Amino acid sequence: NSCEIEIVKQLPEPDAQGTVAHGFILWNGQRLNYRQVRWTTEQCDKACITANSLGGDWDYESLMSGDWDKELLKGWNVEVPEADYSFLDDLQENSFRDEINNSDKFQLTFVFDKKDKELFDQFIKDHSKQFLQNEILKLVSHATVR
């Protein structure tokens, strides 16, 4: 939306809140308060996040995607949901590992960049974990046969 900004007071230096100018935005016949600030990236992030914490809906998946530090958000009074792992209290510490070790199976772990997770999730959805397992076994079998 295009609008006109009318500056009423320009400050020579930013005040304690980073304000450098006051004025109005003229939009659709309305005169709305306007404040211009000079902030660091961190100040801007904090202002955007804390303003949303006063009212709004969080996209926690996006918020916790790694772009934001959980402890920093808590410091900004954002109520970050905590996962409840109490249901694991009754499990033996290494029950899965023990199950694998006491069988004729072994576990193999791969580490990928988070940016590739969506690609793997889609592959598993389209095929299956079993299909991926079989493809890896075929690849390894063919690569070791000389």
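Just above sits the structure.
Since this is a predicted model, take the numbers as computed values, not measurements.

Here we take up the packing of aromatic side chains. Within this structure, the stated rule accounts for three aromatic pairs. An angle of 40° between the planes, with centres 5.9 Å apart, marks the rings of Phe123 and Phe131 as tilted. Overall, the relative accessible area of 28% leaves Phe123 in the partly exposed class. For Phe131, a relative accessible area of 34% puts it in the partly exposed group. Among the aromatic residues, those joined into a ring-pair cluster are Phe110, Phe112 and Phe120. Positioned above the aromatic ring of Phe24 is the side chain of Arg31, whose terminal nitrogen or guanidinium carbon lies 3.8 Å from the ring centre.

The subject of this paragraph is the side chain of Thr19. Looking at the element boundaries, Thr19 is found in strand β2 (residues 19-27). Residue Thr19 is classed as buried on the basis of its relative accessible area, which comes to 2%. Ignoring sequence-local partners within four residues, the contact set of Thr19 consists of Leu11, Glu13, Pro14, Arg35, Gln36 and Val37.

Reading across from one edge, β1-β2-β3 is the order of the three strands in this open sheet, with antiparallel pairing throughout. Two strands in the sheet have a free side with no partner beyond their single neighbour: β1 (4-10) and β3 (30-37). Sheet twist, expressed as the mean angle between neighbouring strand axes with direction ignored, is 30°. Pairing of β1 with β2, which is carried by six bridges, proceeds in the antiparallel orientation.

As a further point, take the environment of Ala21. Assignment of secondary structure puts Ala21 in strand β2. Residues Ala21 and Leu11 lie ten residues apart in sequence; the distance between their C-alpha atoms is 5.7 Å.

Here we come to unusual backbone geometry. Even without glycine at this site, Asn28 takes up a positive phi of about 50°. Mapped onto the fold, Asn28 is located in the loop between β2 and β3.

In the sheet, β2 pairs with β3 via eight bridges, with the strands oriented antiparallel. Bridge pairing in β3 links Ile25 to Leu32. Here β2 folds back onto β3 in antiparallel fashion, the turn holding two residues, of which Asn28 has a positive phi close to 50°.

In the structure shown here, the tally under the stated rule is four salt bridges. Linking Asp116 and Lys115 is a salt bridge whose minimum nitrogen-to-oxygen distance equals 3.6 Å. The class of Lys115 is exposed, set by a relative accessible area of 66%. For the salt bridge of Asp121 with Lys117, the shortest nitrogen-to-oxygen distance reads 2.7 Å. Separated by four residues within a single helix, Asp121 and Lys117 lie in helix α5 (residues 117-126), roughly one turn from each other. You can call Asp121 partly exposed: its relative accessible area is 41%.

Conventions adopted
Residues numbered from 1 in each chain as written. Predicted model: local features only at pLDDT ≥ 70, side-chain atom pairs only at ≥ 80, totals over all residues. Heavy atoms only, no water. Phe/Tyr/Trp six-rings, centres within 6.5 Å; stacked < 30°, edge-to-face > 60°. Buried < 20%, exposed > 50% of the residue type's maximum accessible area, 1.4 Å probe, protein only. Lys NZ or Arg CZ within 6 Å of the ring centre and 35° of its normal. Helix = DSSP H or I, 4+ residues; strand = E, 2+ residues; numbered from the N terminus. Contact = heavy atoms within 4.5 Å. Pairing = 2+ DSSP bridges. Axes fitted to C-alpha atoms, helices over the stretch in contact; angles between N-to-C directions. Salt bridge = Lys/Arg side-chain N within 4 Å of Asp/Glu carboxyl O.

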